[in-house]
Amino acid sequence: MSEPIVLGIESTCDETAAAVVQGRNLLGNVVASSMDEHARYGGVIPEIASRAHAEAFMPVVNQALADAGLELGDVDAIAVSAGPGLAGCLAVGVSGAKALAWAANKPLYGINHVIGHIAVTQLQFGPFPEDTLALIVSGGHTSLLHVQDVARHVDVVGTTLDDAAGECFDKVARLLGFPYPGGPHIDRHAQLGDPHAIRVPQGLTQGNAGRQHPYDFSFSGVKTAVARWVEQQQAQGRPVPVDDVCASLADSVASVLARKAMAGCEQFGSKTLIVGGGFSANSQLRAKLLEAGAEHGVDVRIPQLKLCTDNGAMVAMLGVNLVEAGVAPSSPNFPIDSAMPMDRIVMD
Ligand code: KG4
Ligand code: ZN
């Protein structure tokens, strides 16, 4: 059989995205964002995002197909994010994908978009090795996964006990007065600051807690420590050294993620670390992971920047994996799952 062609559709949050992947080749990739409409509220407003998805859905899908030089009838299957994400947003994408699948008589897969975040690395680095470790760092998730087979079996090795890394950055960014989403602003300022200017705790790395939770994360203590320090400066009438605050926060978070990911690779005998999710765009994390990988002999696979945040390519890529593995498509009436668990790859 020639390499399967899959149309991937993504609408979990503020991006309406569609892409076409054939095998490991990206043929078309279109992303429309409603972020500008949310920025003034300091966060994504689900109702506004859902309406934007309804408007952008068909134009984005048609453009992705046109860029690929294909028509809907040419694809072997359609994949759509069924979760995790905002319920109203997921409902628009899933309903639209069901309509397309029905009209064109194509198999439809309702996939886990977080698993898509790691699957997308195959476009750059080729298929996953068997039994590999993966680090997911998105706005809502920070987890270490053991990926036996990306189409069939994924286990959670560790996860955050409170905030995700992206969430922690976004909250500190708000405190510093950056617009939403604040992650990229912290990244930019961190590049200008001293990473050792401020002592920032590294959650679950020391003592008993560290031993009991070797692969789990906690970022709320980091967030609180930075917030207290900033408030103290302000109370004493001192200026806040924004670049140093950002650099110290970024260094702490990136160090913990890199250290625990490498410990996980050692424990599971994995010579590869697959990385994915919006926070994998973070330059401090990318540098720390590549450095730690070189030190430990681990091949670290991080997506190119434009494929880190939500996109259709990751959904299409995971769809190709499912078709290649012969996994049955989702049933015609599969629901959305806004809290879709990490170890669930596709809806029944
Ligand atoms: O995966 P994603 O696009 O959406 C979710 O599924 O959650 O991740 C969005 C998150 C936000 O928290 C955003 O602040 C963060 O990714 N982010 C970054 C950077 N680019 C995006 N955080 C730090 N540095 C960046 N360069
Ligand atoms: Zn995401």
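Residues numbered from 1 in each chain as written. Chains lettered and ligands numbered in written order. Predicted model: local features only at pLDDT ≥ 70, side-chain atom pairs only at ≥ 80, totals over all residues. Heavy atoms only, no water.

Asks: For this particular structure, what's the right way to read the packing of aromatic side chains?
Replies: Two measures describe an aromatic ring pair: the distance that separates the ring centres and the angle between the ring planes. Counting across every chain of the model gives two aromatic pairs. Between the aromatic rings of F169 and F279, the centroid separation amounts to 4.8 Å while the plane-to-plane angle is 85°, which identifies the pairing as edge-to-face. One end of the pair, F169, is in helix 6 (residues 165–175); the other, F279, is in the loop between strand 9 (272–276) and helix 11 (283–296), and 110 residues separate them in sequence. Ring geometry for F217 versus F219: centroids 6.0 Å apart, planes at 10°, classification stacked. Overall, the relative accessible area of 1% leaves F219 in the buried class. (Phe/Tyr/Trp six-rings, centres within 6.5 Å; stacked < 30°, edge-to-face > 60°. Helix = DSSP H or I, 4+ residues; strand = E, 2+ residues; numbered from the N terminus. Buried < 20%, exposed > 50% of the residue type's maximum accessible area, 1.4 Å probe, protein only.)

Asks: Help me understand the packing of helix 2 (residues 46–68) against helix 3 (residues 87–104) in this model?
Replies: The description of two packed helices rests on the angle between their axes and on the distance between the axes. Two elements in contact, helix 2 and helix 3, have axes separated by 8 Å at closest approach and are oriented at 25°. With respect to each other, helix 2 and helix 3 are oriented roughly parallel. Note that helix 2 runs across helix 3; the crossing there is right-handed. On helix 3, the residues that touch P46, A49, S50, H53, A54, F57, M58 and V61 of helix 2 are G88, C89, V92, G93, G96, A97 and L100. For the contact of helix 2 with helix 3, the per-class residue count stands at ten nonpolar, five polar and no charged. (Axes fitted to C-alpha atoms, helices over the stretch in contact; angles between N-to-C directions. Parallel < 35°, antiparallel > 145°, perpendicular 65-115°, else oblique. Left-handed = near helix turned anticlockwise from the far one by under 90°. Contact = heavy atoms within 4.5 Å. Nonpolar A, V, L, I, M, F, W, Y, C, P; charged D, E, K, R; others polar.)

Asks: I tried to follow the coordination of the zinc ion (ligand 2) on my own but got confused; where do I start?
Replies: Coordination of the zinc ion (ligand 2) by the protein is provided by H113 (NE2), H117 (NE2) and D310 (OD), with metal-donor distances spanning 2.1 to 2.3 Å. All donors to the zinc ion (ligand 2) come from one chain, and their sequence spacing reads H-x3-H-x192-D. Of the two residues, H117 sits in helix 4 (residues 113–119) while D310 sits in the loop between strand 10 (299–301) and helix 12 (312–325), which places them 193 residues apart along the sequence. The burial state of H117 is the same as that of D310; both residues are buried. (Donors = N, O, S within 2.8 Å, 3.2 Å for Na, K, Ca; no water.)

Asks: What exactly am I supposed to notice about the pairing of strand 6 (residues 132–137) here?
Replies: In the case of a regular strand, side chains alternate between the two sheet surfaces. Most of strand 6 is tucked away: six of the six residues are buried. Of the two faces of strand 6, the one lined by T132, A134 and I136 and the one lined by L133, L135 and V137 are each fully buried. The pairing of strand 6 with strand 7 (residues 142–149) spans six bridges and is antiparallel. The partner of I136 across the bridge, within strand 7, is S143. Where strand 6 folds back onto strand 7 in an antiparallel hairpin, the turn is made up of four residues. (Pairing = 2+ DSSP bridges.)

Asks: Hey, could you run me through the sheet that holds strand 8 (residues 153–159) in this one?
Replies: For sheets, the rule is that strands pair by backbone hydrogen bonds, running either parallel or antiparallel. With mixed pairing, the five strands of this open sheet are ordered in space as 8-7-6-9-10. On the outer flanks of this sheet lie strand 8 and strand 10, each paired with one strand and no other. Each neighbouring strand pair of the sheet contributes to a mean axis angle of 25°, computed without reference to strand direction. Direction of pairing for strand 9 relative to strand 10: parallel, over a ladder of three bridges. Bridge pairing links T272 to D299 in strand 10. Sheet contacts for helix 11: strand 6, strand 9 and strand 10; angle to strand 10, the most-contacted strand, approximately 160°.

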